[in-house]
Amino acid sequence: MVMVFLILAAQYERWSLPMAVLTAVPFAVFGAILAIYLRGIDNDVYFQIGLVTLIGLAAKNAILIVEFASQRHREGLSVFDAAMDAARLRFRPIVMTSLAFILGVLPLAISTGAGSASRHSIGTGVIGGMLAATLLAILFVPLFFRLMTRERPVAPASNPVPAPMASAAES
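1. Considering the packing of aromatic side chains
Aromatic ring pairs are defined here through the distance separating the ring centres and the angle between the ring planes. Applying the stated criterion to the full structure yields three aromatic pairs. Here the aromatic rings of Phe-5 and Trp-15 are separated by 5.6 Å at their centres, their planes lie at 25 degrees, and the arrangement is stacked. One end of the pair, Phe-5, is in helix H1 (residues 2-12); the other, Trp-15, is in the loop between H1 and helix H2 (16-22), with 10 residues separating them in the sequence. A relative accessible area of 59% means that Trp-15 is categorised as exposed. Members of the aromatic cluster, connected to one another through ring pairs, are Phe-27, Phe-140 and Phe-144.

See below:
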């Protein structure tokens, strides 16, 4: 997570936006731990490999929202409007890629035969983590973007009201 944070800090040239991205990771870890707990699987090295994958995928989903919201904010939208716009416009791509990944690892979670315990551990953890990261992060990452980003001051109007001219008698 530290490496992801430092890379994102260099990319965004800010310290606050990577924090908004990394807030999606605890949702993924919570979902993975809950999934293996419900299936009665141990926290083994295979599950921990799945957690490394989840960190990357949860961060990727959050990056899609934060990057788009940051771009919209630079274009002049308020932080709230930029975050809501990003969540709405990036919802479908995030859900589609997450579902494709979940369906791709589903055979690992339901496999049988020799070595299936390791595949169960990876598959179950990744499926649970991606479900939680997708369902919860799509709601909370825009909120965290809003909390981490300061509102820019409003520029003065282009046509200010002219000051009254001094009369000749006052000069």
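There is more to say after this.
2. Observations concerning the packing of helix H3 (residues 25-39) against helix H4 (residues 45-74)
Contact geometry for H3 and H4: axes closest at 9 Å, N-to-C directions at 145 degrees. In terms of crossing hand, the pair formed by H3 and H4 is right-handed. For the pair H3 and H4, the contacting residues are Val-25, Ala-28, Val-29, Ala-32, Ile-33 and Ile-36 in the first and Phe-47, Leu-51, Leu-54, Ile-55 and Ala-58 in the second. A class-by-class count of the residues in the contact of H3 with H4 yields 11 nonpolar, no polar and no charged.

3. What about the side chain of Thr-124?
Relative to the elements of secondary structure, Thr-124 occurs in helix H6 (residues 116-148). Only 2.8 Å separates the side chain of Thr-124 from the backbone oxygen of His-120, close enough to count as a polar contact. With residues near it in sequence (within four places) discarded, Thr-124 still touches Ala-35, Ile-36, Arg-39, Ile-41 and Ala-109.

Rules used in this analysis
Residues numbered from 1 in each chain as written. Predicted model: local features only at pLDDT ≥ 70, side-chain atom pairs only at ≥ 80, totals over all residues. Heavy atoms only, no water. Phe/Tyr/Trp six-rings, centres within 6.5 Å; stacked < 30°, edge-to-face > 60°. Helix = DSSP H or I, 4+ residues; strand = E, 2+ residues; numbered from the N terminus. Buried < 20%, exposed > 50% of the residue type's maximum accessible area, 1.4 Å probe, protein only. Axes fitted to C-alpha atoms, helices over the stretch in contact; angles between N-to-C directions. Left-handed = near helix turned anticlockwise from the far one by under 90°. Contact = heavy atoms within 4.5 Å. Nonpolar A, V, L, I, M, F, W, Y, C, P; charged D, E, K, R; others polar. Polar contact = N/O pair within 3.5 Å; in protein donor to acceptor, adjacent residues only side chain to side chain.

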